[in-house]
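Examination of the molecular architecture
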Amino acid sequence: MKKSDIEKRVLEMVMPIIETNGFDLWDVEYVKEGADNYLRVYADKEGGIEIDDCALISRALEEKLDQEDFIEDAYILEVSSPGLTRRLKKDRDFEKSIGRLVLLKLYKAENGAKEYTGYLSGFDEDSISIDIGEETIKFKRENVSSVRLEFEE
């Protein structure tokens, strides 16, 4: 089974758990790191997700995963917060983060730099805009390798 198919199926399984408990799902990923496979679920809630919340999601999802048993390889299930410097991937991630400080990384340098830090000011299907000082810079999404929230004190 392909990685994307596993992630999609797990997403369908975890959403009822997330919604019933008033959490927000940030991401689901299935990755291989070294010799191990990881199934990671990132959840959040207003005021921040707590360890007991992660345990609740983990137990409920583990029960469903054991029942369906569709992942062929051995894996480690991790449920956690996406963290303060969470990666923005989906449009809803960008919507929630308008006005927040971000670190935007590019595949190749533009104007002499591959990384820009500024305030997320807009996005659409083709571009992402950030404000740096008085200037707004627009980047083509196809050239953006990642966008992460930056920690602000």
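Up top you'll find the structure we're talking about.
All values derive from a computational prediction rather than experimental measurement.

Rules used in this analysis
- Residues numbered from 1 in each chain as written.
- Predicted model: local features only at pLDDT ≥ 70, side-chain atom pairs only at ≥ 80, totals over all residues.
- Heavy atoms only, no water.
- Phe/Tyr/Trp six-rings, centres within 6.5 Å; stacked < 30°, edge-to-face > 60°.
- Helix = DSSP H or I, 4+ residues; strand = E, 2+ residues; numbered from the N terminus.
- Buried < 20%, exposed > 50% of the residue type's maximum accessible area, 1.4 Å probe, protein only.
- Pairing = 2+ DSSP bridges.
- Contact = heavy atoms within 4.5 Å.

1. Notes on the packing of aromatic side chains
If you walk through the whole model with that rule in mind, you get 2 aromatic pairs. Pairing phenylalanine 94 with phenylalanine 123 gives two aromatic rings, centres 5.6 Å apart and planes at 35 degrees, and the pair type is tilted. A residue pair is termed long-range when its members are at least 10 positions apart, and phenylalanine 94 in helix α3 (residues 91-96) and phenylalanine 123 in strand β5 (residues 113-123) qualify at 29 residues. A relative accessible area of 3% places phenylalanine 94 in the buried class.

2. A closer look at the pairing of strand β4 (residues 101-110)
Sheet topology note: the β4/β5 ladder contains 6 bridges and is antiparallel. The residue of β5 that forms the bridge with glutamate 110 is alanine 113. The hairpin turn running from β4 into β5, its antiparallel successor, is 2 residues long, and asparagine 111 in that turn takes a positive phi close to 55 degrees. Sheet topology note: the β4/strand β8 (residues 144-149) ladder contains 5 bridges and is antiparallel. Note that in β8 the partner of leucine 103 across the bridge is arginine 148.

3. Considerations on the environment of leucine 25
Structurally, the position occupied by leucine 25 is in strand β1 (residues 24-33). Accessibility expressed as a relative area gives 8% for leucine 25, which makes it buried. Residues leucine 25 and leucine 11 lie 14 residues apart in sequence; the distance between their C-alpha atoms is 8.8 Å. Those residues in contact with leucine 25 that lie beyond four places of it in its chain are Leu11, Val14, Met15, Ile18, Val41, Tyr42 and Arg92.

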